[in-house]
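The lines below spell out each chain.
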Amino acid sequence: MFSFAIIGFFISFAGLIALFSLKYVEFSKCRIYGSELRAKADSSALLLKALLHASMDRLEQLPHDFVVFLRMVVHVGAIIFAHGARAAERGAHKIADRVSHKHHFERTESRSEFLKSVSAHRTQLKNNRNL
């Protein structure tokens, strides 16, 4: 990483020396070299500057866009999870219905003497109230 910085520095430094040397030669001979090339380079530099400003503005909005994207991903994930949970619930109910002995429940007489006595007492209370 440091070597890239040093290489970039020396290339920039050599470019600056070349530009100042060209300017010195032009000034001493009173002649401009490559005027069309300079005009094209200026327009390209202005376009690059506008692109950099636009990209910086867009880069500032990137965290907000990332939060919106994450919210959308979480929402879709929750919907998929809900569909899966609903399918699992249906499957669990089907399995419970197959396994359960109460699926075809038929009421029979109680075998417990206590429950029989409670039921008899209850019916007797109902009959007394109706009278």
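Residues numbered from 1 in each chain as written. Predicted model: local features only at pLDDT ≥ 70, side-chain atom pairs only at ≥ 80, totals over all residues. Heavy atoms only, no water.

Describing the overall build of the protein
Summing up its helical and strand segments, the protein has 3 helices and 0 strands in all. Listing every helix and strand of the protein by position from the N terminus yields α-α-α. Principal axes of the C-alpha set define a box for the protein whose edges measure 130 × 40 × 25 Å. For the protein, with 131 residues in total, the buried portion stands at 1%. Total accessible area on the protein is roughly 13,000 Å²; 67% of this is exposed by carbon and sulfur atoms. Counting 19 positive and 11 negative side-chain charges, the protein places the centres of these two groups 6 Å from one another. (Helix = DSSP H or I, 4+ residues; strand = E, 2+ residues; numbered from the N terminus. Buried < 20%, exposed > 50% of the residue type's maximum accessible area, 1.4 Å probe, protein only. Areas by Shrake-Rupley, 256 points an atom, 1.4 Å probe, with all protein chains shown as cover. Lys, Arg positive; Asp, Glu negative; His and termini not counted. Charge placed at Lys NZ, Arg CZ, Asp CG, Glu CD.)

What about helix 2 (residues 35–99)?
End to end, helix 2 covers 91 Å across 65 residues, agreeing with the expected 96 Å (1.5 Å per residue, within 8%). Helix geometry: helix 2 is bent most strongly at Leu62, by close to 40°, with proline Pro63 lying one to four residues after it. (Expected span 1.5 Å × (residues − 1). Bend = angle between axes of the 7 residues up to and from the residue.)

Notes on the confidence of the model for the protein
The share of residues in the protein with pLDDT of 70 or more is 94%, and the mean pLDDT across the chain is 89. Predicted confidence in the protein is weakest over helix 3 (residues 113–130), with a mean pLDDT of 84, and strongest over helix 1 (residues 2–29), with 93. (pLDDT = per-residue confidence, 0-100.)

Looking at unusual backbone geometry
The phi dihedral of Cys30 is positive, around 55°, even though this residue is not glycine. Look at Cys30 and you get exposed, because its relative accessible area is 71%.

Side note on a positive patch on the surface
Among the surface-exposed residues, Arg86, Arg90, Lys94 and Arg98 lie close enough to one another that they form a single positively charged patch. Within the secondary structure, Arg90 is located in helix 2. A residue is classified by how much of its surface remains accessible, and Arg90, at 51% relative accessible area, is exposed. (Patch = residues over 30% accessible without salt bridge, like charges linked within 9 Å, V, L, I, M, F, W, Y side chains within 5 Å. Salt bridge = Lys/Arg side-chain N within 4 Å of Asp/Glu carboxyl O.)

Some thoughts on the packing of aromatic side chains
Counted according to the given criterion, the structure contains 2 aromatic pairs. Between Phe9 and Phe13, the ring centres sit 6.0 Å apart and the planes meet at 15°, which makes this aromatic pair stacked. On the criterion of helical spacing, the pair formed by Phe9 and Phe13 is a turn pair, its members being 4 residues apart in helix 1. Taken together, the ring pairs connect Phe9, Phe10 and Phe13 into an aromatic cluster. (Phe/Tyr/Trp six-rings, centres within 6.5 Å; stacked < 30°, edge-to-face > 60°.)

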